[in-house]
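# Coordinate analysis (summary)
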Amino acid sequence: MTSLWLYVVLGAILKIPKRASGITYNEKAVANSSFACRSGFYHEDSKEVTIKLLLYRTSLNINCHLYDISKDDNKENRRKNLLLYTSAGLAPSIMIFNSTFSKVFYFKMTLGEGLETWSIDIPREMITFNTDVAPVEQWFVQFTMHHGLDMFTSDGTLLDHIREPVLQWEDYFGDEIDIINLIPFVRNTKGTKSPCASDVAILGLILDGKINGIFLGVTKFGFMRRNTKWYNMTANICATLNDDCADLSLMNVILTNTHLIILSSLGLFISQDLCDPATEQIKFTRSDFCGFEMDDYLKAKIWYNIQCLANKEDYEVDYISLSFNKDKTLSQESTCFYSNDPFTKWYSCLPQRAKGEKLVSRRVVSFLVDAQQNTGIAVLSQQKDVLVWVNKLTDHRLHAQHKFPAYRFPERDFVPFGMFFHPNSHFLYVYGNQVWLSTDGGNTFILLIKLDNETVTETDACVYNQAIVFVTDKGNIFYTKAGLFRYARLTTVNQDFFSMYFDHLGILYQLSMNATSADRMAVPVMDVNTLLQADDLGFDGVLSPQYITEQQMVFYSHEPLNPGVAATKSRFYNLHVDKALVYGPGGSGMITKIFTHGNPPGFLSSVLVDILERYPTESSTISPCILNTLTILERAQGTNAYRLQLSTTAYPVFHMPLMMIAVGRPSLLDVSTENHWDNTDSYIMEIMVHSKFFEQGKTSLAVIVTQASLVCDVTTIILTLKNSCSYLKTMHYVLHVPVSASDWLSGEDQTKHNVSAVSHLLKNLPVNYRPPSALGISVPLTENFYNADPSKPRMRDYFRRSKTSGRYKQCANKRNRSECGCTDNMKLSFSVAFSDCKEKVLRMKFPVSKLPLSFTVQDESGSTNLSTPYYITVIEVNNRTNWEISGSDVTSSVIKMREYLAHKLNTTLYNPDGLTISIHGSELFHFRVSTVPAVSFCNLFDEFQIYVDDAPLAFPGQYLVISISMISIGATIFVGFVIQMYEIQLGNVLQRKLLRRNKVSSKSTLSSASTASEESSKKSQQ
């Protein structure tokens, strides 16, 4: 019940070069040697960009060798390196880690005959126990020559092949094809990647209309190897359209955690759940939007807030939205729609008009759901204005009331194109011919990029190094890091079409078509660091300097004196922020701020510069004094004299804050920070986090190194904090007698004498058993079967309502019980979800009166009894009513909680202390006990079952039997009394009646015989 506390210490180390003061981050040693590693098999191309491993159902087998990038990678050199380091007692180590797991494994130190590689075999259970198909976070791997030495560090990734949802459908996407004949008709490409594993990516081909169809390429190595598989998925889509798929072409493709979304010229198609078993071709369903035609879909855009839902909580869900960017007509409900997984119900994302608001044209350019603040964010184009509206979401529906006042972009020439959240963070970017950044969920924005005559049309981001690229319609590629207010132009790509793609390690690739490669793709790597350092943004123009202090200057840029030079080419832009302003004769400084203005006349812009090396008015050879500085020292006590000191140029480092934090959902957690510099000139930030309430939710905590260069590997650290239940915290019902698992699973007959004593307390349920209903034992109405077997008749299936109710779970669509897949854990479980497999339940004799109920809560710290403030509710899952709860300690707190939660709970709230239950019915009762919300991060619950035996007849049967018996006994006594009173000889009366009956019978017999004789004589005479 303690609140969550998180204590984080982050440090930035200042290093002062000889001639300039500045901050150095992410220093790395440059080595000529590196590891080449493969899982399962050896690959000849050892000098790949990075290491990519796959984990299958068996163990992870890795072979590694060391190679020198300046030498040939042959067997002789590999063997030489193996002998050199192994003889020195060194062998490689591998660290496998992601956001929730980290472990180091060590390679074997062997010198066998002919060996040239180190090897290691890691059982799968040492990394993960799970084998079910579900979104799972891809691991990072780091190889070093012995852990801790940081020698020959090589990075890579590890992908769980058997769990990644989309990879289960590799053989069921459609016909695998060679796209060489399609390349001349490709006019663009659209890429998407798995939210949890960026190396798993899909590239879709957008054709020019001469050829129709849906063609997708799938990779699990991040396009690093030329083995991308191409599929023709046209038939899969046409099956949804009843083969009426003329003019079918791809517009966009999105891969969510569990679905593949295809936007085509003929509509929006949603795949089946990718976590389903892959046994046949993947199926799609078409989402219908009334009033929209093919021309509308050709211009539509689909939006998705990328978030990895590994270890998914109940409150986490995927959303997608579809915007048509047009005015709504009378036949259309809206021009923007959104939906949540499984994407079957669609809602309008067009914000409602306020009362009295003018009816003006407005279009939703883009719509996203903020997964952290649970809001819907819409970018609208309204006449000449561009607005951002933020509305709360409740039960997946938008509120009419705004969370923030509408934000109006101040730049009237801003034309928006789209919007995206940086993955797993709360940095929101709105882009078009400008790029704006919001860190508070759309309440405020800061201008990041302003472009001239070009528009950002494509983006991609990396969760590893927080890098972001913006691609314009003119082929320019701009680069930034999440949360930083600076950017750089990497390069210009002179191709008709291409796509930019970050793999899981943050390596940037340029994707395009190439008919000569094996997979028909060209995938060159962009060396970001080299492009950043080679970026020269200098321009010819007049600069006017002005000293502010000895450490800061302002430079004013004057309009061009040459009429042939455009004014826009001789001014400062935000692109220049954090760039070095270098003066030829000497001197340099770091640009920190940009100003645009009209005064003084002729000066278009100015920059504030932190001086790194003093700018001279003369060269140092002509005037050596410019290398010195004159300092005024404090005056001596008792005098008015000041001392002057001449020294060489040196600027002390000003201890300014070097880091800031951005919290995605401030209302969820209390976050406080303390910053200080220590004696070693290290900047320390201490972050204290604790939860405010027992409210479930998640938030990102981004630590931004504000002065970091874009060249740095790490400029922003993003942590994801969740208010949720521990995975190990559970609630358990305590049986009044201990029963072992062997007794539950034993198939022995309890009537035998050689079974255990405890087994007599268990009841074997009949096959296809269902508990009674309020209408009687013979009229079961519940949907739950127990001990199900589809091959046998349903028990008590007499009436129509009984025949139409009841649904199998594990045994659904199965022929017999053996196919239901019931495991021992399912048979032992009390959960209604596994009722098909339940064979035995606890037996008690009628009446069950005030049976004590006891529960425990178990977590990683141990087990404790369930007590206040864990208030609980009790329900019977089969809707039986002849039971009652008593013994609950009704305190004032319980009364207040009942009143507070009355509108949320449909049942009574109880105090778990001293709780008892009484059962007045017969046969099976199945109870579910749950804790109420707001008393814990956990929605704790457990279930238990009681079978009541030897119960009396149900009302009114028992009373009828008793009444008839009493009447019979009374009548017998009365008759006996009359006989005794009147001295009636009962034996004589019975004897006379019997004799009289015998005489009558004799006369009848003689009469019949006489008649028969007369008839016989008549016949003989004839």
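Residues numbered from 1 in each chain as written. Predicted model: local features only at pLDDT ≥ 70, side-chain atom pairs only at ≥ 80, totals over all residues. Heavy atoms only, no water.

Let us now look at the overall build of the protein. Summing up its helical and strand segments, the protein has 10 helices and 63 strands in all. By residue count, 47% of the 1022 residues in the protein fall in the buried class. (Helix = DSSP H or I, 4+ residues; strand = E, 2+ residues; numbered from the N terminus. Buried < 20%, exposed > 50% of the residue type's maximum accessible area, 1.4 Å probe, protein only.)

So, about the sheet that holds strand β17 (residues 267-271). Strand order in the open sheet formed by four strands is β15-β16-β17-β18, with antiparallel pairing between adjacent strands. The strands lining the two open edges of the sheet, one partner per strand, are β15 (250-255) and β18 (284-287). Averaged over all adjacent pairs, the angle separating strand axes in this sheet is 20 degrees, with direction ignored. The pairing of β17 with β18 spans four bridges and is classified as antiparallel. The residue bridging Leu268 from the neighbouring strand is Ser287, located in β18. (Pairing = 2+ DSSP bridges. Axes fitted to C-alpha atoms, helices over the stretch in contact; angles between N-to-C directions.)

What follows is about the sheet that holds strand β44 (residues 603-613). Sheet strands pair by backbone hydrogen bonding; their relative direction is either parallel or antiparallel. Here five strands make up an open sheet; going across it, the order is β40-β41-β44-β43-β42 and the pairing antiparallel. Pairing within the sheet leaves two strands with one partner each, and these edge strands are β40 (543-547) and β42 (580-582). Within this sheet the neighbouring strands show an average axis-to-axis angle of 40 degrees, counted without direction. Pairing analysis gives eight bridges linking strand β43 (residues 588-596) to β44, with the strands arranged antiparallel. If you follow Gly589 over to β44, its bridge partner there is Ile611.

Moving on, we come to the pairing of strand β30 (residues 434-438). Here β30 lies mainly inside the structure; five of its five residues are buried. Here β30 shows no split at all, with Gln434, Trp436 and Ser438 on one side and Val435 and Leu437 on the other all buried. In this structure, strand β29 (residues 428-432) lies alongside β30, joined through four bridges in antiparallel fashion. The residue of β30 that forms the bridge with Leu428 is Ser438. Connecting the antiparallel pair β29 and β30 is a turn made up of one residue. Here four bridges tie β30 to strand β31 (residues 446-450), and the two strands are oriented antiparallel to one another. Its bridge partner lying in β31, Trp436 is registered against Leu447.

With that settled, the discussion passes to helix α1 (residues 75-87). Between its first and last C-alpha atoms α1 spans 18 Å; for 13 residues at 1.5 Å apiece the expected length is 18 Å, and the two agree. Among the residues of α1, Asn77, Arg78, Asn81, Leu82, Tyr85 and Thr86 are the ones counted as buried. Considered in projection along α1, the buried side chains sweep an arc of 150 degrees and stay on one side of the axis. Set apart from the buried face of α1 by more than 90 degrees, the exposed residues are Glu76, Leu84 and Ser87. Elements in contact with the buried residues of α1: β4 (60-68), β7 (118-122) and β8 (139-145). Remark: Gly89 follows α1 within two positions and exhibits a positive phi of approximately 80 degrees. (Expected span 1.5 Å × (residues − 1). Arc of directions from axis to C-beta. Contact = heavy atoms within 4.5 Å.)

A word on the packing of aromatic side chains. We describe a pair of aromatic rings using the distance from one ring centre to the other and the angle between the two ring planes. Evaluated as defined, the whole model comprises 45 aromatic pairs. A connected cluster of aromatic rings, assembled from ring pairs, spans Phe289, Phe292, Tyr297, Phe324, Phe337 and Trp346. Above the face of the Phe221 ring, Arg225 is positioned so that its terminal group lies 4.3 Å from the ring centre. (Phe/Tyr/Trp six-rings, centres within 6.5 Å; stacked < 30°, edge-to-face > 60°. Lys NZ or Arg CZ within 6 Å of the ring centre and 35° of its normal.)

A separate point is the environment of Thr720. Looking at the secondary structure, you find Thr720 in strand β51 (residues 716-723). Residue Thr720 is classed as partly exposed on the basis of its relative accessible area, which comes to 45%. Separated by 57 residues in the primary sequence, Thr720 and Val663 place their C-alpha atoms 9.9 Å from one another. If near-sequence neighbours (up to four positions away) are discounted, Thr720 is found in contact with Asn424 and Thr699.

The next thing to look at is the side chain of Gln510. Within the secondary structure, Gln510 is located in strand β37 (residues 508-513). With relative accessibility at 9%, the residue Gln510 sits in the buried group. In terms of polar contacts, Gln510 uses its side chain to reach the side chain of Gln495, at 2.4 Å. Those residues in contact with Gln510, other than ones at most four positions away along the chain, are Val493, Gln495, Phe498, Ser499, Met500, Ala522, Val523, Pro524 and Met526. (Polar contact = N/O pair within 3.5 Å; in protein donor to acceptor, adjacent residues only side chain to side chain.)

Applying the stated criterion across every chain yields a total of seven disulfides. Residue pairing for Cys37: its cysteine sulfur links by disulfide to Cys64, the two sulfurs lying 2.0 Å apart. Between Cys37 and Cys64, the disulfide has an S-S torsion of 120 degrees and is therefore right-handed. Highlighted residues: Cys37 in strand β2 (residues 33-39) and Cys64 in strand β4, separated in sequence by 27 residues. Each member of the pair, Cys37 as well as Cys64, is classed as buried. (Disulfide = S-S within 2.5 Å.)

Along the chain, Tyr85 falls in helix α1. Sequence separation of Tyr85 and Met145 is 60 residues, and the distance between their C-alpha atoms is 8.6 Å. Excluding residues within four positions of it along the chain, Tyr85 makes contact with Leu66, Leu90, Trp118, Met145, Met151 and Phe152.

Tallying each qualifying case throughout the model produces 29 salt bridges. For Lys220, the salt bridge is made with Glu170, and the minimal N-O distance between the two is 3.7 Å. In this pair, Lys220 is assigned in the loop between β13 (215-219) and β14 (229-232) and Glu170 in the loop between β9 (154-160) and β10 (175-177), connecting sequence segments 50 residues apart. One salt bridge connects Lys450 with Glu411, and the closest N-O pair in it is separated by 3.1 Å. Here Lys450, found in strand β31, pairs with Glu411, found in the loop between β27 (407-408) and β28 (416-421); they are 39 residues apart in sequence, far enough to count as distant. The partly exposed category is assigned to Glu411, whose relative accessible area is 24%. Salt bridges sharing partners connect three or more residues here, namely Lys52, Asp199 and Asp503. (Salt bridge = Lys/Arg side-chain N within 4 Å of Asp/Glu carboxyl O.)

The subject of this paragraph is the confidence of the model for the protein. Per-chain confidence: the protein averages 84 in pLDDT, with 85% of residues scoring 70 or above. Contacts of residues 1-30 to residues separated by more than four positions or lying in other chains number 74 contacts, the stretch itself having pLDDT below 50. Counting contacts from residues 649-653, a segment whose pLDDT is below 50, to residues more than four positions away or on other chains yields 11 contacts. (pLDDT = per-residue confidence, 0-100.)

The next thing to look at is unusual backbone geometry. In this structure, the amide linkage connecting Phe846 to the following residue, Pro847, adopts the cis form with an omega of 0 degrees. The topology assignment puts Pro847 in the loop between β54 (840-845) and β55 (848-852). With omega at 10 degrees, the peptide bond leading from Thr868 into Pro869 counts as cis. With respect to the element layout, Pro869 can be found in the loop between β57 (862-865) and β58 (872-876). One non-glycine residue, Phe152, lies in positive phi territory at about 55 degrees. What makes Phe152 buried here is its relative accessible area of 15%.

A few words on the nonpolar core. Counting residues in hydrophobic clusters, the biggest one holds 59 residues, and the most contacted among them are Phe409, Phe427, Tyr429, Phe470, Ile477 and Tyr479. Looking at this core element by element, the count peaks at five residues for strand β33 (residues 467-472). Residues in contact with Phe409, not counting those within four places in the same chain, are Val386, Val388, Phe414, Val430, Trp436 and Phe445. Judged by nonpolar contacts, the second largest core, of 40 residues, contains Trp744, Val894, Leu915 and Val932. (Core = buried A, V, L, I, M, F, W, Y, C linked by side-chain atoms within 4.5 Å.)

What follows concerns the environment of Gly887. Looking at where Gly887 falls in the secondary structure, it is placed in the loop between β59 (883-886) and α8 (892-900). When near neighbours in sequence (up to four residues on either side) are disregarded, Gly887 contacts Asp913, Gly914, Leu915 and Thr916.

Let's shift gears to the pairing of strand β41 (residues 552-558). Summarising burial for β41: five of the seven residues are buried, a large majority. Examined bridge by bridge, β40 and β41 share five bridges and lie antiparallel to one another. The partner of Leu543 across the bridge, within β41, is Ser557. Between β40 and the antiparallel strand that follows it, β41, lie four residues. Both β41 and β44 contribute to a ladder of seven bridges, which runs antiparallel. Paired with Tyr556 across the bridge in β44 is Ser606.

With that out of the way, let us pick up the side chain of Lys220. Of the polar contacts made by the side chain of Lys220, one reaches the side chain of His161; its length is 3.1 Å. If near-sequence neighbours (up to four positions away) are discounted, Lys220 is found in contact with Leu54, Tyr56, Leu159, His161, Leu167, Glu170, Asp199 and Val200.

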